[in-house]
Amino acid sequence: MSEQVYHFGFGVDARYVKYAGVLMTNLVHQHLGQPLCFHLACDGIGEEDKRRLDAFTMLYRNVELYIYDMTKMLDRLNQIRSDAPQRLHRSVLLRVLLPAYVPQNVERLVYMDADMICLRPLDELFRLELGDNAVAAVSIHSAKNSAALKLSSGRYFNAGLLVMAVPVWRSRELTQRVVDYYQRHSENLPLLEQDALNAVLDGEFTELDECFNFLVEVNNPLTIKYPETAAVLHCVNEAKAWTKGCMPQIYALYWRYVRLSLWHGLQPSEPNTAKAVFLAGVTAELNGEKDDAIKYYGAVAKRLMEYYLEEKPELLNK
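The following refers to the structure shown. What you see is a predicted model, and the numbers here were worked out from it, not measured in a lab.

**Examining the sheet that holds strand β10 (residues 232–235)**
And then number 1: Strand order in the open sheet made by the three strands is β5-β10-β9, with mixed pairing throughout. Two strands bound the open sheet, and with one partner strand each, they are β5 (116–118) and β9 (214–216). Adjacent strand axes in the sheet meet at a mean angle of 25 degrees when their direction is disregarded.
And then number 2: Pairing of β5 with β10, which is carried by three bridges, proceeds in the antiparallel orientation. Residue pairing for β10: Met116 is matched across the bridge by His234.

Below, the structure written as structure tokens:
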């Protein structure tokens, strides 16, 4: 009997291909010798990244890679709502599209967001019994999310990591059903495709232990702790492991794989929201990096002043 191939899926725009490449490197090093197949759904992809991905498959002989340029498919869908957080862009919809396009022989697909770090092998996810469900995911105990979508089950999941039973997904035409729901309700879905998935499935999912999608705010010293049992860290909110201001323990984890990857020239990006800039200042202060702390705190003060001048000038006159 041939050895099982582990199929992983990702959905990114052209700017995030490099981060998917780092995550794929991370997964290779956590599954040494294991046959892996990566399915990379893209909203555009640059020539340099194409060359690196070609080299990636030459470097790791146990790896196969499929690339799907789904730009035209995304063009047919509603634009994401104008007030969506900066971290969300239309490529998040690719997690819904991809299961309909992977080869017919794929039975189990583990979909992961590119802002994740894998801490140990994920063999359990490829042995997991899903029963009649198409999806397994980590539940979020949020009455607010469930109520907003009028979920009769009261069960809501985070879609950052999804274990998909592809034949079941296809037999239930979930790609089309979720897309249809999104098209009808896109202006009322704060979390876009995650809300649409939850609305269509309404509790019909197998619950994963939170260790497989453990949420961390990587630049916040108050929320950076994670248990030893964690298998996958998910960098939530605006700051990512590649953003300046990331806490040292996460920085060390992530940049180890950057250095091992074909994207080893990657540089940390600047924080781009007031909260992320402030927390970058906090991290710099904790690390004794005085000049960076002054820079980020000063940038926050400037942003606050600009906000009050534009939105609340009356408060400055009191």
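**A closer look at the side chain of Ser146**
And then number 1: Tracing the backbone through its elements, the reader meets Ser146 in helix α6 (residues 143–149).
And then number 2: Judged by relative accessible area, which is 5%, Ser146 ranks as buried.
And then number 3: Only 3.2 Å separates the side chain of Ser146 from the backbone oxygen of Gly154, close enough to count as a polar contact.
And then number 4: Leave out the neighbours within four places in its chain, and Ser146 touches Leu151, Gly154, Arg155 and Tyr156.

**Focus on the pairing of β10**
And then number 1: Of the two faces of β10, the one lined by Val232 and His234 and the one lined by Leu233 and Cys235 are each fully buried.
And then number 2: Relative to β10, β9 runs parallel, the two sharing three bridges. Bridging from a neighbouring strand, Leu215 pairs with His234 of β10.

**Points about helix α2 (residues 47–59)**
Given 3.6 residues to a turn, an α-helix orients residues that are three or four positions apart in the same direction.
And then number 1: For α2, which comprises 13 residues, the first-to-last C-alpha distance of 18 Å matches the rise-based estimate of 18 Å (1.5 Å per residue) to within 8%.
And then number 2: Listing the buried residues of α2 in full gives Asp49, Leu53 and Phe56. End-on view of α2: buried residues confined to an arc of 50 degrees, all on one side of the axis. Of the exposed residues in α2, those oriented more than 90 degrees away from the buried face are Asp54 and Met58.
And then number 3: Each element contacted by the buried residues of α2 is listed here: α1 (17–30), β2 (36–43) and β3 (63–69).

**Describing the pattern of salt bridges**
And then number 1: Throughout the structure, instances matching the rule amount to 14 salt bridges.
And then number 2: Where Glu124 meets Arg120, a salt bridge forms, and the shortest distance between an N and an O atom there is 2.7 Å.
And then number 3: Glu124 gets classed as partly exposed once you look at its relative accessible area, which sits at 33%.
And then number 4: We classify Arg120 as partly exposed; its relative accessible area is 25%.
And then number 5: The partner of Lys244 in a salt bridge is Glu270, and the shortest N-O contact between them spans 2.9 Å.

**Considerations on the environment of Asp132**
And then number 1: Its place among the elements puts Asp132 in the loop between α5 (123–127) and β6 (135–140).
And then number 2: Overall, the relative accessible area of 63% leaves Asp132 in the exposed class.
And then number 3: Put simply, Asp132 and Glu204 are 72 residues apart on the chain and 8.8 Å apart in space, counted from C-alpha to C-alpha.
And then number 4: The contacts of Asp132, once residues within four sequence positions are left out, are Val168 and Arg172.

**A closer look at the packing of helix α8 (residues 174–185) against helix α9 (residues 193–201)**
And then number 1: Contact geometry of α8 with α9 gives a least axis separation of 9 Å together with a crossing angle of 115 degrees. Regarding α8 and α9, the two cross each other, and that crossing is right-handed. Along its contact with α8, which presents Leu174, Arg177, Val178, Tyr181 and Tyr182, the element α9 presents Ala196, Leu197, Ala199, Val200 and Leu201.
And then number 2: Of the residues that constitute the contact of α8 with α9, the class distribution is nine nonpolar, no polar and one charged.

**Digging into the packing of α1 against α2**
And then number 1: Relative orientation of the contacting elements α1 and α2 amounts to 10 degrees, with a least axis distance of 10 Å. It follows that α1 is roughly parallel to α2 by the angle criterion. Here Val17, Lys18, Gly21, Met24, Thr25 and Val28 of α1 come into contact with α2, specifically with Asp49, Leu53 and Phe56.

**What to know about the packing of aromatic side chains**
And then number 1: Tallied over the entire structure, the rule returns 14 aromatic pairs.
And then number 2: Centroid distance Phe8 to Phe126: 5.3 Å. Interplanar angle 75 degrees. Geometry classified as edge-to-face. Note that Phe8 is positioned in strand β1 (residues 6–13) and Phe126 in helix α5, a separation of 118 residues in sequence. For the pair Phe8 and Phe126, one class covers both residues: buried.
And then number 3: One residue, Arg155, lies across the ring of Phe205, its end atom 4.1 Å from the ring centre.

Definitions and cut-offs
Residue positions are given per chain, counted from 1 along the sequence in the order it is written. The predicted nature of this model means local features are confined to residues of pLDDT at least 70 and side-chain atom pairs, given and counted, to a pLDDT of 80 or more, with totals for whole chains, interfaces and linings taken over all residues. Side-chain measures here rest on the full set of heavy atoms in the structure, leaving out hydrogens and waters. The criterion for strand pairing is that DSSP finds at least two bridges linking the strands in question. Every helix listed is a DSSP run of H or I at least four residues long, and every strand listed is a run of E at least two residues long, numbered separately from the N terminus. Only the stretch in contact is used when a helix axis is fitted, and all axes are lines through C-alpha atoms; the angle between N-to-C directions ranges over 0 to 180 degrees. Exposed residues in this analysis have more than 50% of their type's maximum accessible area, buried residues have under 20%, and partly exposed residues fall in between, with area computed by a 1.4 Å probe over protein chains only. Pairs of N or O atoms within 3.5 Å make up the polar contacts considered here, provided that, within protein, one atom can donate a hydrogen while the other can accept it, and that residues adjacent in sequence are counted only when both atoms are side-chain atoms. Contacts are assigned to residue pairs that have any heavy atoms within 4.5 Å of one another. Helices are assigned an expected span. That span is 1.5 Å times one less than the residue count. Note: the arc covers the axis-to-C-beta directions of the helix. A pair is scored as a salt bridge if a Lys or Arg side-chain nitrogen falls within 4 Å of a carboxyl oxygen belonging to Asp or Glu. Definitions for this section: a left-handed crossing has its near helix turned counterclockwise from the far helix by less than a right angle. A right-handed crossing has that turn clockwise. Put simply, Ala, Val, Leu, Ile, Met, Phe, Trp, Tyr, Cys and Pro go in the nonpolar bin, Asp, Glu, Lys and Arg in the charged bin, and everything else, Gly too, in the polar bin. Angle categories: roughly parallel below 35 degrees, roughly antiparallel above 145, roughly perpendicular from 65 to 115, and oblique for all the rest. Note on ring pairs: Phe, Tyr and Trp rings are taken, using the six-membered ring of Trp, and paired if centres are within 6.5 Å. Classes follow the plane angle, with under 30 degrees stacked, over 60 edge-to-face and the rest tilted. Any Lys NZ or Arg CZ found within 6 Å of a ring centre and within 35 degrees of that ring's normal is scored as a charge over the ring.

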